[in-house]
Every structure is written in C-alpha cells, then in structure tokens.
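Fold and geometry: a report
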Amino acid sequence: MVFQRRSGMMTLKPDYRNVVILRGLKEYSIKESASILQWNEMKVKVTYHRAIQMLRKKLSRKGAEKRYDFPQKHRL
C-alpha cells in the first residue's frame, strides 16, 4: 500500500505533488504553504483539493485495497 501511494504521488503533476507534500505530509498550514509555493491561499486550497481527488482516482485504478486518508485537519 505504501508503494502504491508513492507511485501514485510520483505520477501527479509537480504542482499537485508539491502541495500534497506540504499540506498532507508535512502538515503545513494553508498560509505557510502559500508562502513557500509563492501562491495565494485560494490556489493552495483548490490545488490541494484537486490533487487529493486525482491521487484517490489513481489509487483506485491501481486496485488499492484501502483508501488513504490524510490527517483529519487536512480533509476537504
């Protein structure tokens, strides 16, 4: 399962991958992520949401047995 998540992450667009790493894995706030990526906060929110949707779609195609849940405070 961990391998599937990593391989799924590597197939994401760079912007999607970067925002998932910052928000989902490193647990940075929207404001911190926006500052690091030099984006506005709305772009961070939208891109993160789209990235999670894409990652779930890719994992379900690969037959992942269990849906990966990001930390509760970062769920959309």
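Now for a quick tour of the structure. Note that the structure is a prediction, hence the values are computed from the model and not measured.

With respect to the overall build of the protein
Within the protein one finds four helices and zero strands. Start at the N end of the protein and walk to the C end: the helices and strands fall as α-α-α-α. By residue count, 33% of the 76 residues in the protein fall in the buried class. As displayed, the protein offers around 5300 Å² of accessible surface, 51% of which is attributable to carbon and sulfur atoms.

Brief notes about helix H4 (residues 41–61)
Taking 1.5 Å of rise per residue, the 21 residues of H4 would be expected to cover 30 Å, and the 30 Å separating its terminal C-alpha atoms lies within 8% of that figure. Taken as a whole, H4 has its buried residues at Val44, Thr47, Tyr48, Ala51, Ile52, Leu55, Lys58 and Leu59. Across the axial projection of H4, the buried residues extend over an arc of 140°, all falling on one side. Pointing more than 90 degrees away from the buried face of H4 are the exposed residues Met42, Ser60 and Arg61. Sitting at the amino-terminal end of H4 is Asn40, which places a side-chain oxygen 3.1 Å from the backbone nitrogen of Met42.

With respect to the packing of aromatic side chains
Across all of its chains, the model carries zero aromatic pairs by this definition. Against the face of Tyr48 rests Arg23, its NZ or CZ located 5.5 Å from the ring centre. The ring of Trp39 has Lys43 lying over it, and the distance from NZ or CZ to the ring centre is 4.5 Å.

Remarks on the environment of Tyr16
Note on placement: Tyr16 falls in helix H2 (residues 14–25). Take Tyr16: its relative accessible area is 12%, and that puts it in the buried class. For the pair Tyr16 and Met54, spaced 38 residues apart in the sequence, the C-alpha separation amounts to 8.9 Å.

Description of H2
Taking 1.5 Å per residue as the helical rise, H2 with its 12 residues ought to reach 16 Å, and the 15 Å between its terminal C-alpha atoms agrees with that figure. All of the buried residues in H2 are Tyr16, Arg17, Val19, Val20, Leu22, Arg23 and Gly24. Looking one or two residues past H2, Glu27 carries a phi angle of roughly 60°, positive in sign.

Calculation criteria
Residues numbered from 1 in each chain as written. Predicted model: local features only at pLDDT ≥ 70, side-chain atom pairs only at ≥ 80, totals over all residues. Heavy atoms only, no water. Helix = DSSP H or I, 4+ residues; strand = E, 2+ residues; numbered from the N terminus. Buried < 20%, exposed > 50% of the residue type's maximum accessible area, 1.4 Å probe, protein only. Areas by Shrake-Rupley, 256 points an atom, 1.4 Å probe, with all protein chains shown as cover. Expected span 1.5 Å × (residues − 1). Arc of directions from axis to C-beta. Polar contact = N/O pair within 3.5 Å; in protein donor to acceptor, adjacent residues only side chain to side chain. Phe/Tyr/Trp six-rings, centres within 6.5 Å; stacked < 30°, edge-to-face > 60°. Lys NZ or Arg CZ within 6 Å of the ring centre and 35° of its normal.

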